[in-house]
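# Architecture and fold: a report
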Amino acid sequence: QVQLVESGGGLAQPGGSLRLSCTASGRFDSINVMGWYRQAPGLERELVADITSGGRTKYADSVKGRFTISRDSTKNTVYVQMNMLKPEDTAVYSCYGEFLRVVNVEGATVTLKSWGKGTLVTVSS
């Protein structure tokens, strides 16, 4: 019911930058949280960063100070600006979101969770 479309992945050199975008569409009325996970071969999937509707942010220790998550509420879009990229940042990055949909006139809601298809980020010289 909610679709997440990612863009911005690709190849970067060590020390370089990329910006990933994720846009949500579908039948929802509000967003609780959106963010980014990543998974490298042989490793567990980990949370990179997320941001709540109120603007609270969370970062993995490994990216704090290098990555910045932001949102454009008018476009239902979340971004992550990735600076000072390292080879160990190489992974498939997937957008994740939790959304609320009002299901009746009394205001009852259902929580919808959605994942994007993933976009590959490769950091290599």
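Residues numbered from 1 in each chain as written. Predicted model: local features only at pLDDT ≥ 70, side-chain atom pairs only at ≥ 80, totals over all residues. Heavy atoms only, no water.

Read across the sheet, four strands follow the order S1-S3-S8-S7 without closing on themselves; strand pairing throughout is antiparallel. The open sheet is flanked by strand S1 (2-7) and strand S7 (67-72), the only strands paired with a single partner. If you compare each strand with its neighbour and ignore which way they point, the axes differ by 15 degrees on average. Pairing of S7 with strand S8 (residues 77-82) involves six bridges; the strand directions are antiparallel. Residue pairing in the sheet places Thr68 in a bridge with Gln81 of S8. (Pairing = 2+ DSSP bridges. Helix = DSSP H or I, 4+ residues; strand = E, 2+ residues; numbered from the N terminus. Axes fitted to C-alpha atoms, helices over the stretch in contact; angles between N-to-C directions.)

As a further point, take the pairing of strand S9 (residues 91-102). On a regular strand, one side chain projects to one face of the sheet and the next to the other, so that they alternate. Relative to S9, strand S4 (residues 30-39) runs antiparallel, the two being bridged by nine bridges. What sits directly across from Tyr37, in S9, is Ser94. By the bridge criterion, three bridges tie S9 to strand S11 (residues 119-123) in an arrangement that is antiparallel. Across the sheet, Ala91 pairs through a bridge with Val121, a residue of S11. Sheet topology places S9 next to strand S10 (residues 109-115); seven bridges connect them, and they run antiparallel. Residue pairing in the sheet places Glu98 in a bridge with Lys113 of S10.

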